[in-house]
Every structure is written in structure tokens, then in C-alpha cells.
Amino acid sequence: MRKERERSPRRALVLAGGGTSGGLYEIGVLSALDTLFDGFNVCDFDLYVGTSAGAFISALLANHVMPERLRETIETDRRTLPRLSGSQFLSLPWRGYAAMIVRLGADLPRLAADLALNWRDALVLDSIASVVARNLPHGVFTLDGLEAYVRHVLTRAGRTNDFRRLKKRLLVPATVLDTGGVEVFGASRREKTPISLAVTASAAVPMLYQPVRIAGVDYVDAAVTKTAHAGLAVDAGAKLVVIINPVRPLVLDSGHRTKIRDGGPAAIANQAFRIALQRRLQDGLQRHRYEHPDTDLLLFEPYERDASLFDTPLMTYSLRQEVIRRGYRTTVKVILSDFERYEAIFARHDIRLNPKPEVEKRARRWSSQAARVA
């Protein structure tokens, strides 16, 4: 096991973040890749790099949990893995809210006295907002439910919650809140942090989730510093790096009857967030291609004009089947449209693709099965 981990990785799979819907989209993409591969599957990569929601899926892949098993668990099957529900991502920090009430009770009398003395100079709403904001919990939710789920899954059926015991290499980056640095869990051969805890640290979206504290250090979402952290795979020596980024901006033609702004502030912020993430990712990939011309970087993303997927909130769970299907269909279409090029790239790294007619046949079968589930 140790010798397998110590070899330089040849083929790496990198999964970016994107909230709950992003993770669901990635499951669809991974299922599509398994349809395409012949004698190889997405659990056969040498190295996995997972950011935020991608860290959760990467941890399961590194433990040889196939994407189809994940899809069945999310949609119907309770036997292969414990049922995964949206409530696992939405644990409320009740102690934090109770402490907030106590702190507000202590601060409000002082605030009232200060406003009475300085009522001509004080900005009342600003002062009240400042006191409330200072006493709010560190996040609306905690990731305790997700950590418990990942720990439960990885400590059964021959899987492991210990980086040191994995047969494959797994890297889970997280952002250090107090310094802005990046901690890469799994980079050390002596990593003692449980995988489940590293996953939650990588996925702790600021404001939405409380920071995750590990050994006295607070961590937040890895996407704060980099979109996918693909450089970790390149620097490790991988010659094939497959990157899945489920979040990209929507592209509308000049003549489109609606505009982004018509969706209101939330749509504008959503688009701006997506633009920033993708621009940062593209800049990083361009630099990696220049510095490592012998490394093949393959990026799979949603269709840029998929307005329905854009309208799906990043933290949605109710539309899980449709999001998974879109990830599957888009990936199959992209590869089939340039099949010879993808076939040649994968062949350079000893990965065969099924013949094009076989891929089309499998895709039709998968789509019909998914439709029956829906």
C-alpha cells in the first residue's frame, strides 16, 4: 500500500467546489466518464484533489466508492450507503444562537444608553446593525452533519477515514482563516487529521457555515484561495489531470430576450461569483500549460448557455436528479463531438475509450434508466 502511494502519480482527478448542486453535477460527469472508459474507471486515478464539495466526492472515490453508487444513494438506494439528504448540510449551531441571545441581552442596554447620550451624532440603524452583527453566530449552519456522515461511511465496509491508510493519494486543501494561507490535508505521509474533518474544513463556506477548527486552527472553504487547486496535481507530477468545474458563468447573446439583471440582485451576485471563479481557474490552467507543456489538462464544465442550471441555487438538493443528468449528458456530448482528440489524449496515458457507437448505446441506456428513477 505504501509503495503504491509513494510512486509519482501519473493520472489525477481534480474536483472543484460548487455547493450541493455542484457536487451533484460532478456525480453526473463522473458517471459519464465511466460510460466512456474501457477497462478503467474514475476510482482508478492515482491522485485525487478535492475542493469544497469536490472534497466530499474525492474522499469517497479514493475509497473506491463508484459514482453510480453515489447516484443510487442520493436518489433511491438505502442499502449500499446510508441515505444522504439535504439536512446533512444544514445543521444549526443551537448553542451559538443561544449564546447570541445572551450577548445581545448584555449589549442592548449599553447601546440604548449610548444612543440616548449621542442621539444627534449616532446613526441609529448602523449602530444597531453593528451590535447585532458582532453577536451573530460564526455561520448560519455548521457542517457537523456532513462530518458525521463522511466519518460513518468511511469507517465501514473496508473503507478508511485515515489519509495514511488510503491506497490512493488524496489531497484536500482548506483556507486558513487567520492567515489566508492554504493547508493541504493529506500532503504529509504522517497526516493525522481524519479525512471527514478535512472535508468539512475544505467546504466551510464563510457566513453560510461556521469555520472548522482543527488543532486550534480555523479553516474555511478552499475555494476562497483557489477555484480547483489543480496545481497540486501538476506539482505532484501527474501527466494527465482531469478537472471538473461545475460552476461557470452563463453566456447570453446580445439579442437574448432577458438579461442577467432581470433576475435581481441574487442573479447578479451569482453571475459575478461564477465569473470570478472561472477567470481564476482559466488563468491558473493557462499558467500550468505554459510551465508544464508535457502535462495534459482536461477541463469539463457545464454548457455555458444552460440557463436552467444557472437558475439552480448552489445549495439546492431538491433538483438532484436533474442536475446529475445534466452533468452526464453535457459531458458525453462534449466528448462525442471531438471523440478522436479525446481518444488520443487518454490513450497517451494508457486509458482506452469505448468505441463511439458503444458510448452512444450506453448513454441512451443510462438516460432511460435515469428518467425512470425521476
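These numbers come from a predicted model, not from an experiment. (Residues numbered from 1 in each chain as written. Predicted model: local features only at pLDDT ≥ 70, side-chain atom pairs only at ≥ 80, totals over all residues. Heavy atoms only, no water.)

## Here's the deal with the overall build of the protein chain
For the record, the criterion: Helix and strand assignments follow DSSP, with helices taken as H or I runs no shorter than four residues and strands as E runs no shorter than two, numbered in order from the N terminus. Using a 1.4 Å probe on the protein chains alone, a residue whose accessible area is under 20% of its type maximum counts as buried, one over 50% counts as exposed, and one in between counts as partly exposed. Throughout, a residue-residue contact means that at least one pair of heavy atoms, one from each residue, lies within 4.5 Å. The accessible surface values rely on the Shrake-Rupley method and a 1.4 Å probe; as for residues, cover is taken only from the protein chains in view.
Secondary structure assignment for the protein chain yields 14 helices and 12 strands. Of all 374 residues assigned to the protein chain, the portion counted as buried reaches 52%. Long-range contacts, defined as pairs at least 24 residues apart, comprise 75% of the intrachain contacts of the protein chain with a sequence gap of at least 6. Total accessible area on the protein chain is roughly 18,500 Å²; 54% of this is exposed by carbon and sulfur atoms.

## Side note on helix α8 (residues 195-202)
In terms of burial, α8 is largely enclosed, as 7 of its 8 residues are buried. Within α8 the residues assigned to the buried category are Ile195, Ser196, Ala198, Val199, Thr200, Ala201 and Ser202.

## Concerning the pairing of strand β6 (residues 182-185)
What counts here: Here, a strand pair is defined by DSSP locating no fewer than two bridges between the strands.
Bridge count between strand β5 (residues 169-176) and β6: 4 bridges; the pairing is antiparallel. The residue of β6 that forms the bridge with Pro173 is Val184. In sequence, β5 turns back onto β6 through a hairpin of 5 residues, with Gly180 there showing a positive phi of about 80°.

## Focus: unusual backbone geometry
Across the chain, the bulk of peptide bonds are trans and the bulk of non-glycine residues have phi less than zero. Of note in the backbone geometry, His64 takes a positive phi value of approximately 65° without being a glycine. Secondary-structure assignment places His64 in the loop between α3 (53-62) and α4 (67-75). A relative accessible area of 47% means that His64 is categorised as partly exposed. One non-glycine residue, His229, lies in positive phi territory at about 55°.

## Some remarks on the packing of aromatic side chains
Stated precisely, the cut-off is as follows: Two rings from Phe, Tyr or Trp (for Trp, the six-membered ring) form a pair when their centres are within 6.5 Å of each other. A pair whose planes differ by under 30 degrees is stacked, one over 60 is edge-to-face, and the rest are tilted. Our definition puts a charge over a ring when NZ of Lys or CZ of Arg is within 6 Å of the ring centre and also within 35 degrees of the ring normal.
All told, the structure shown has 8 aromatic pairs when counted by the stated rule. With a centroid separation of 5.4 Å and 80° between ring planes, the pair formed by Phe37 and Phe40 is classed as edge-to-face. The class for Phe40 is buried, based on a relative accessible area of 10%. Taken together, a centroid distance of 6.3 Å and an interplanar angle of 75° make the contact between Phe45 and Tyr48 edge-to-face. Tyr48 shares its class with Phe45; the two are buried. Ring-pair connections join several aromatic residues into one group, and the members of that group are Phe37, Phe40, Phe45, Tyr48 and Phe346. Here the guanidinium or amino end of Arg341 rests over the ring plane of Tyr342, the centre of that ring lying 4.6 Å away.

## Comments concerning the pairing of β5
The element β5 is extensively covered by neighbouring structure, given that 8 of its 8 residues are classed as buried. Alignment of strand β3 (residues 47-50) against β5, held across 3 bridges, turns out to be parallel. What sits directly across from Leu47, in β5, is Arg169. Relative to strand β9 (residues 217-220), β5 runs antiparallel, the two being bridged by 2 bridges. Bridging across to β9, Thr175 finds its partner in Val220.

## A closer look at the nonpolar core
Short version of the rule: To form a nonpolar core, buried Ala, Val, Leu, Ile, Met, Phe, Trp, Tyr and Cys residues must be joined to one another through side-chain atoms within 4.5 Å.
Ranked by size, the top nonpolar core spans 71 residues in total, and within it Leu13, Leu61, Leu170, Phe185 and Phe346 carry the most contacts. Residue contributions to this core peak at 8 residues, all from helix α2 (residues 19-36). With 17 residues, the next largest nonpolar core counts Val14, Leu47, Val234 and Leu285 among its residues.

## A word on the packing of α2 against helix α12 (residues 320-337)
How two helices sit against one another is set out by the angle between their axes and by the gap between those axes. Heads up, the rule is: Where helices are involved, their axes are fitted lines through C-alpha atoms of the stretch in contact, as for all axes, and angles between N-to-C directions lie from 0 to 180°. Each angle gets one of four labels, with under 35 degrees taken as roughly parallel, over 145 as roughly antiparallel, 65 to 115 as roughly perpendicular, and the rest as oblique. Handedness of each helix crossing follows the sense of rotation of the near helix against the far helix: counterclockwise by less than a right angle gives left-handed, clockwise gives right-handed.
Following both chains from N to C, one finds α2 and α12 inclined at 40°, their axes separated by 7 Å at the closest point. Considered as vectors, α2 and α12 are oriented oblique to each other. Seen along the crossing, α2 lies across α12 with a hand that is right-handed. Here α2 contributes Ser21, Leu24, Tyr25, Ile27, Gly28, Val29, Ser31, Ala32, Leu33, Thr35 and Leu36 to the contact with α12, which in turn contributes Arg320, Val323, Ile324, Arg326, Gly327, Tyr328, Thr330, Thr331, Val332 and Ile335.

## Details of α3
Burial within α3 is extensive, with 10 of its 10 residues counted as buried. What α3 keeps buried is the set Ala53, Gly54, Ala55, Phe56, Ile57, Ser58, Ala59, Leu60, Leu61 and Ala62. Backbone geometry just downstream of α3 places His64 in the positive-phi region, at approximately 65°.

## Brief notes about the side chain of Asn354
Rule in force here: Here a polar contact is recorded for every N or O atom pair within 3.5 Å, except that within protein the pair must consist of a potential hydrogen donor and a potential acceptor, and residues adjacent in sequence are included only if both atoms are side-chain atoms.
Note that Asn354 resides in the loop between β12 (352-353) and α14 (356-373). Overall, Asn354 belongs to the buried group, its relative accessible area being 5%. For Asn354, the side chain forms a polar contact with the main-chain oxygen of Thr35, separated by 3.1 Å. A polar atom in the side chain of Asn354 sits 2.9 Å from the backbone oxygen of Phe37. Those residues in contact with Asn354 that sit more than four places away from it in its chain are Thr35, Leu36, Phe37, Asp38, Phe339, Val359 and Arg362.

## Some remarks on the packing of α3 against helix α7 (residues 144-154)
Rules: Following the grouping adopted for this structure description, the nonpolar residues are Ala, Val, Leu, Ile, Met, Phe, Trp, Tyr, Cys and Pro, the charged ones are Asp, Glu, Lys and Arg, and the polar ones are all others, Gly among them.
Viewed as axis vectors pointing N to C, α3 and α7 meet at an angle of 10°, and their least axial separation amounts to 11 Å. With respect to α7, the element α3 is oriented roughly parallel. Counting all contacts with α3, which are made through Phe56, Ala59 and Leu60, the residues of α7 involved are Leu146, Tyr149, Val150, Val153 and Leu154. Class assignment for the residues of the contact of α3 with α7 results in 8 nonpolar, no polar and no charged.

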